[in-house]
Amino acid sequence: MEEKINQIKLNLKSDLDNVNKLQDIVDLKAKYIGKSGCITELMKNMKDYSQEERKSIGQLVNNLKNEVTDLIVNKEEVINNNLLNEKLEKESIDISLPATEIVVGSPNILERVIEDFESVFMSMGYDVVDGPELEEDRFNFELLGLPKGHPARDAQDTFYVKDDELLLRSHTSPVQARTMLSKEGKEPVRIICPGKAYRRDDDDATHSHQFTQIEGLIVDKNIKLSDLKGTVSIICKKLFGDDTVTRFRPSYYQFTEPSVEMDISCFNCKGKGCNICKNTGWITIGGAGVVHYNVLKGCGYDPKIWSGFAFGFGAERCAMLKYGINDIRTFYNTDLRETKPFDRREDN
Ligand code: PHE
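Conventions used here
Residue positions are counted from 1 within each chain, in the order its sequence is given. Side-chain atom pairs in this predicted model are given and counted only at pLDDT of 80 or more, local residue features only at pLDDT of at least 70, and totals for whole chains, interfaces and linings cover all residues. Excluding hydrogens and water, the side-chain figures rest on all heavy atoms present in the structure. It suffices for a single heavy atom of a residue to lie within 4 Å of a molecule or strand for the residue to be listed as near it. Polar contacts here mean pairs of N or O atoms no more than 3.5 Å apart (in protein, one a potential hydrogen donor and the other a potential acceptor; neighbouring residues in sequence count only if both atoms are side-chain atoms). Segments assigned H or I by DSSP are reported as helices when at least four residues long, segments assigned E as strands when at least two residues long, and all are numbered from the N terminus. Ten residues, namely Ala, Val, Leu, Ile, Met, Phe, Trp, Tyr, Cys and Pro, are considered nonpolar, four, namely Asp, Glu, Lys and Arg, are considered charged, and the remaining ones, Gly among them, are considered polar. Think of it in three bands: residues with accessible area under 20% of the maximum for their type are buried, residues over 50% are exposed, and the middle band is partly exposed, with areas taken using a 1.4 Å probe on protein chains only. Two strands make a pair as long as DSSP finds a minimum of two bridges between them. The arc refers to the directions leading from the helix axis to the C-beta atoms. Residues count as neighbours in contact if any of their non-hydrogen atoms are within 4.5 Å of one another. Buried Ala, Val, Leu, Ile, Met, Phe, Trp, Tyr and Cys residues form a nonpolar core when they are joined through side-chain atoms within 4.5 Å. Fitted lines through C-alpha atoms give the axes, limited to the stretch in contact for helices. The angle between two N-to-C directions lies from 0 to 180 degrees. Only Phe, Tyr and Trp rings are paired, with Trp represented by its six-membered ring, and only when their centres lie within 6.5 Å; those with planes under 30 degrees apart are stacked, over 60 edge-to-face, the remainder tilted. Counted as salt bridges are all cases of a side-chain nitrogen of Lys or Arg within 4 Å of a carboxyl oxygen of Asp or Glu.

Undergrad: Is there a simple way to think about the site of the ligand in this case?
TA: Residues in close proximity to the ligand total 14 residues, the closest being H171, S173, R199, Q213 and E215. A distance of 2.9 Å separates a nitrogen atom of the ligand from a polar side-chain atom of S173. Q213 is positioned with one of its side-chain polar atoms (N or O) 2.9 Å from an oxygen atom of the ligand. Taken together, the elements giving at least two residues each to the shell around the ligand come down to β6 (210–220), β9 (282–291) and β10 (307–314). The element that contributes the greatest number of residues to the shell around the ligand is β10, accounting for 3 residues. Looking at the shell around the ligand, its residues break down into 5 nonpolar, 7 polar and 2 charged.

Laid out in structure tokens, this is it:
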């Protein structure tokens with residue numbers, strides 16, 4: 001028996017030397033420890049021995065089986081490792097190869113400024129509302145105190161689309177009238193409406209036939225000009241920095257009385273004078289005023305009970321100042337090569 005065992009060990013040794021693929025291992029398992037493998041055969045022959053012999057021979061055969069199994073399994077591991085290494089070698093990534101650049105977009109700067117306005121106003125309890133860009137003359141002018149033939153209409157050189165009734169809104173103020181009419185004079189209003197407006201006015205780098213306004217309206221009881229001043233001052237500090245000072249100059253709009261022009265101290269020179277503020281120390285960012293008696297009345301609000309203020313910020317103007325852009329057309333440019341420099345001016 002011992003001889004047989006030694007012979008099996010020798011055979012296995014030379015068989016293992018010739019193994020080089022996984023199938024060889026499968027064959028070896030079958031040859032030695034499979035159902036009809038030579039070691040299994042030895043076990044089957046156990047019945048030919050006496051009770052006494054079976055004990056010691058059984059031990060020997062068992063040891064042999066364990067030893068052979070270990071050797072085959074070890075070899076299998078070696079082969080698997082070799083295969084894995086070969087695969088890794090083949091699939092290795094050349095990290096020195098320059099990668100193809102992925103062009104990533106970023107929000108338009110104008111959009112970012114609008115979002116800044118929205119979040120500041122929303123934190124103060126304002127709702128953000130929308131209005132149509134194709135507007136009726138009634139909302140754009142008449143309800144705002146500008147009847148047909150009124151000379152002040154000339155200041156907003158308007159694109160008429162159908163006769164003199166349908167137009168591209170020349171400002172976002174028609175949303176004031178629309179909102180008040182929708183409430184039928186029954187409840188307070190606190191809204192902002194960012195949106196596009198259109199005028200036949202594109203003769204220099206700071207004007208475009210399409211531009212963006214951020215309209216605001218508040219209607220409640222006992223609202224005064226001082227509330228407008230307080231609100232706008234806080235908002236400008238939040239948007240342009242804590243040291244921003246706000247100034248209100250008398251102005252004229254048909255739909256507000258009194259009306260004001262809103263200026264902020266130049267954030268570049270802090271009021272000393274530079275080329276951004278044209279050496280004045282101040283920058284105009286929009287118009288505002290106390291809602292006119294006739295507008296409230298025309299929109300169903302009793303002016304003896306209700307009062308309000310309205311304002312309109314020029315969004316491009318704010319964005320141009322904040323990001324140092326000197327051509328308004330930059331906002332509407334879709335050429336990534338030209339808009340790229342502004343991507344890096346992330347301020348958040
Ligand atoms: N609609 C005015 C404009 O286009 C701005 C404004 C809005 C003025 C609200 C007063 C109140 O110039």
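That covers the picture; the talk isn't over yet.
Undergrad: Can you walk me through the pairing of β9 in this structure?
TA: Both faces of the sheet carry side chains from a regular strand, because those side chains alternate between them. Within β9, 8 of the 10 residues are buried, leaving the element largely enclosed by the surrounding structure. Bridge analysis of strand β8 (residues 256–265) against β9 gives 8 bridges, and the strand direction is antiparallel. Bridging from a neighbouring strand, D263 pairs with T284 of β9.

Undergrad: Even after reading the chapter, I still don't get helix α2 (residues 22–32), so can you show me in this structure?
TA: Note that an α-helix has 3.6 residues per turn; residues three or four places apart therefore point the same way. Those residues of α2 lying buried are D24, I25, L28 and Y32. Projected down its long axis, α2 carries its buried residues within an arc of 100°, all on one side. The elements touched by buried residues of α2 are α1 (2–17), α3 (38–44) and α4 (51–90).

Undergrad: Teacher, can you tell me more about the nonpolar core here?
TA: Looking at soluble globular proteins, one finds that nonpolar side chains tend to be buried together. Ranked by internal contacts, the top residues of the largest apolar core, which has 42 residues, are I285, F311 and F313. Top contributing element to this core by residue count: helix α5 (residues 109–123), with 7 residues. With 22 residues, the next largest nonpolar core counts A177, V219, F255 and C299 among its residues.

Undergrad: When you look at the sheet that holds strand β3 (residues 160–162) in this model, what are you seeing that I'm missing?
TA: Hydrogen bonding along the main chain pairs the strands of a sheet, whether they run parallel or antiparallel. Strands sit in the order β2-β4-β3 across an open sheet of 3 strands; the sheet is antiparallel. Across the chains shown, the open sheet's two edge strands, defined by having one partner strand only, are β2 (134–136) and β3. Adjacent strand axes in the sheet meet at a mean angle of 40° when their direction is disregarded. Examined bridge by bridge, β3 and strand β4 (residues 166–168) share 2 bridges and lie antiparallel to one another. Residue K162 lies in a different strand from β4, and its bridge partner there is L166.

Undergrad: How do you make sense of the sheet that holds β6 when you look at a structure like this?
TA: Reading across from one edge, β1-β5-β6-β10-β9-β8-β7 is the order of the 7 strands in this open sheet, with mixed pairing throughout. Each having just a single partner strand, β1 (127–128) and β7 (246–253) make up the two edges of the open sheet. Bridge count for β6 against β10 is 8 bridges, and the pairing is antiparallel. Opposite L217, over in β10, you have A310 as the bridge partner. Strand contacts of α5: β1, β5 (189–198), β6 and β10, with the helix running at about 165° to β5, the strand carrying the most contacts. Contacts from helix α8 (residues 225–240) reach β7, β8, β9 and β10, with the element oriented near 30° to β10.

Undergrad: I keep staring at the packing of aromatic side chains and nothing clicks. Help me out?
TA: Centre distance and the angle of the planes are the two values used to describe a pair of aromatic rings. Per the stated rule, a full pass over the model turns up 9 aromatic pairs. Ring centres of F117 and F313 lie 5.0 Å apart, and the angle between their planes is 45°; this geometry places the pair in the tilted category. Taken together, the residues F117 in helix α5 and F313 in strand β10 connect sequence positions 196 residues apart. Assigned by exposure class, F117 and F313 land together as buried. When the centroid spacing of 5.3 Å and the interplanar angle of 15° are considered together, the rings of F121 and F311 count as stacked.

Undergrad: What should I look at first to understand the environment of E77 in this one?
TA: Relative to the helices and strands, E77 is located in helix α4. Separated by 217 residues in the primary sequence, E77 and N294 place their C-alpha atoms 92 Å from one another.

Undergrad: Would you explain the pattern of salt bridges in this entry?
TA: Think of it this way: side chains of opposite charge can pair up when their charged atoms draw near. Tallied over the full model, the rule gives 16 salt bridges. Close ionic contact of R200 with D157 constitutes a salt bridge, the shortest N to O distance being 4.0 Å. Taken together, the positions of R200 in the loop between β5 and β6 and D157 in the loop between α6 (137–140) and β3 put the pair 43 residues apart, joining distant regions of the chain. D157 sits in the partly exposed class, given a relative accessible area of 40%. In this structure, K270 engages D243 in a salt bridge whose closest nitrogen and oxygen atoms are separated by 3.5 Å. Linking K270 in the loop between β8 and β9 with D243 in the loop between α8 and β7, this pair joins segments that are 27 residues apart in sequence. Residue class for D243 comes out partly exposed when judged on its relative accessible area of 47%. Connected via shared salt-bridge partners are D137, E142, K148, R153 and E165.

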